[in-house]
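# A structural walkthrough
Each chain is listed here by its residues.
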Amino acid sequence: MTVGPEREKYEGMASLRGSNLRGVRAHNERLVLSLLRINDEMSKAEISRVTGLSAQTISVIVRALESDGLIQRGTPLRGRIGQPSTPLRLARNGVFSLGLKVGHRSLDLVLLDFLGGIRFRITEHHGYPTPDQAVRFACAAIADITGQLSAEERVRIAGLGIAMPFQTWEWWHTLGVPQDALIDWRQRHIGAEIGETTGLSVQVQNDATAACGAELIFGQGNKPRDFFYFYVGYFIGGGIVLNGRLLPGRTGNAGAVGSMLVPDGQGGQVVLLDIASLSVLEKQLIDQGITSEHLWDMPSEWHFPQDLVAQWIDRAARAIAAAADAVVAVYDFEACLIDGWMPVEVRARLVEKVRIYLRDMPANGLTLPMIEAGTIGAHARSLGAASLPLSSRYLLDLQVFASAGMESF
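First, a word on scope: everything that follows refers to the structure included in this document. (Residues numbered from 1 in each chain as written. Predicted model: local features only at pLDDT ≥ 70, side-chain atom pairs only at ≥ 80, totals over all residues. Heavy atoms only, no water.)

### A short note on the pairing of strand 4 (residues 96–102)
Across the seven residues of strand 4, seven count as buried, placing the element largely inside the fold. A two-sided burial pattern is seen for strand 4, the buried positions comprising Phe96, Leu98, Leu100 and Val102 on one face and Ser97, Gly99 and Lys101 on the other. Pairing analysis gives five bridges linking strand 4 to strand 7 (residues 157–164), with the strands arranged parallel. Within strand 7, the position partnered with Leu100 by the bridge is Ile162. (Buried < 20%, exposed > 50% of the residue type's maximum accessible area, 1.4 Å probe, protein only. Helix = DSSP H or I, 4+ residues; strand = E, 2+ residues; numbered from the N terminus. Pairing = 2+ DSSP bridges.)

Structure (structure tokens):
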């Protein structure tokens, strides 16, 4: 059996070197940490009731987690019969995690705390990514960030996650660069190189899958157990969540919806990424003599001609609706979530347009999915990268809770 090049290169690299904390937590400890991750805070009695573990077992687990600085106690809730209930919550500074996004237009490194808050962020822009640049940037940025932490904080870094497009060398034509400009990506193992230099544990994941993982772990509100995720970046990509679990797929490239054929609006077909990607909007800006740097500098606001943005939204929405219609024919997803490198207002317009176009499509016996906006935003890929060490060492898949019959958190 063959596997994709990135999967081959990075398999087995999940734990090059770890922090001084107690490595991968035991199952029941991870269960408690995951519950607190989902619920913000819970009492020991509530944790015991939900997990089915005895009060004595929960007390032992809580003492161990408190001793390691991973959880902390809140203010006791008084005014009830019996002993006051003390809520427990994750300690914001209990664990830190680094995330590197390798994008077609930028590199981004973040340091997250245990609650998913961004403590530091360093960004560098480029015309196209190279392995040399990615390794140099990552090592320098990691040294910069860790140099601003205390010794106690540095030993609490769980590791580094990398979110990057797979088969990068195949995109030379679309990026408008010589074919040999990206060829080094075929042989280079940037995760191994960065890990060797920094001494960090390193994990690598497809960038759109990582963004989907960020939504699953850090996203707001109740998530359906099964959903398909669209992330609109330089190229549009996707991710799959089934029964509360992120599914990377056999080669780590599951949900690669950008390669799906959709109607082009003129009676023909074209791949989704040639309509619903920001590279399309960038080209339209350049064709009108408008500088496109701001597209990658400021995802929080766009100052572009409104008619141009509206045209891109309309065509992208029609194509994404067609892709959503197709993915539910393969699996009965409850919802499709849409996020991307764009202002919240633009995302809202895109989501509403997708809903409109999907309603007009023939269901042919299918139950069409709900269309909702993602809740992470432009930096989902970086946060998804940083979530990899956190998940592998401290958290459980939501599938564990689903199998236990826990319908709400």
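### Overview of the side chain of Asn206
By secondary structure assignment, the location of Asn206 is in strand 8 (residues 202–206). Judged by relative accessible area, Asn206 falls into the buried class, the value being 7%. A distance of 3.2 Å separates the side chain of Asn206 from the backbone nitrogen of Thr209, its partner in a polar contact. Excluding anything up to four places from it in sequence, Asn206 contacts Met164, Pro165, Phe166, Gly252 and Asn253. (Polar contact = N/O pair within 3.5 Å; in protein donor to acceptor, adjacent residues only side chain to side chain. Contact = heavy atoms within 4.5 Å.)

### Observations regarding the packing of aromatic side chains
Two measures describe an aromatic ring pair: the distance that separates the ring centres and the angle between the ring planes. Within this structure, the stated rule accounts for eight aromatic pairs. Of the aromatic side chains, those joined through ring pairs into one cluster are Phe228, Phe230, Tyr331 and Phe333. When the ring centre of Trp341 is taken as reference, the NZ or CZ atom of Lys101 above it lies at 5.0 Å. (Phe/Tyr/Trp six-rings, centres within 6.5 Å; stacked < 30°, edge-to-face > 60°. Lys NZ or Arg CZ within 6 Å of the ring centre and 35° of its normal.)

### Remarks on the environment of Gly213
Looking at the secondary structure, you find Gly213 in helix 9 (residues 207–218). For the pair Gly213 and Ala385, spaced 172 residues apart in sequence, the C-alpha to C-alpha distance is 8.4 Å.

### Focus on the sheet that holds strand 14 (residues 335–340)
The mixed open sheet is built from five strands, whose spatial order is 11-10-9-14-15. Of all strands in the sheet, those with a lone pairing partner are strand 11 (245–246) and strand 15 (370–373), marking the two edges. Looking at chain direction, strand 10 (residues 236–242) and strand 11 are connected through two bridges and run antiparallel. Following the sheet pairing, Leu242 is matched in strand 11 by Arg245.

### So, the pairing of strand 10
Burial runs high along strand 10: six of the seven residues are buried. Inspection of the sheet shows strand 9 (residues 227–232) paired to strand 10 by six bridges, in the antiparallel sense. Along strand 10, the bridge assignment pairs Val232 with Ile236. What sits between strand 9 and strand 10 in their antiparallel hairpin is a turn of three residues. The loop that links strand 10 with its antiparallel partner strand 11 comprises two residues; one of these, Asn243, has a positive phi angle of about 55°.

### Notes on the pattern of salt bridges
Any two side chains of opposite charge can pair, given that their charged atoms come close. Within the structure shown, the criterion is met by 17 salt bridges. A salt bridge links Lys223 to Glu215, with the nearest nitrogen and oxygen atoms 3.0 Å apart. The class for Lys223 is partly exposed, based on a relative accessible area of 23%. Given the relative accessible area of 0%, Glu215 is considered buried. (Salt bridge = Lys/Arg side-chain N within 4 Å of Asp/Glu carboxyl O.)

### Side note on the packing of helix 2 (residues 27–39) against helix 4 (residues 55–67)
For the pair helix 2 and helix 4, the least separation of the axes is 10 Å and the interaxial angle reads 80°. Comparing the axis directions of helix 2 and helix 4 gives the class roughly perpendicular. Here helix 2 contributes Asn28, Glu29, Val32 and Leu33 to the contact with helix 4, which in turn contributes Ile58, Ile61, Ala64 and Leu65. (Axes fitted to C-alpha atoms, helices over the stretch in contact; angles between N-to-C directions. Parallel < 35°, antiparallel > 145°, perpendicular 65-115°, else oblique.)

Just geometry here; none of it tells us what the structure is for.
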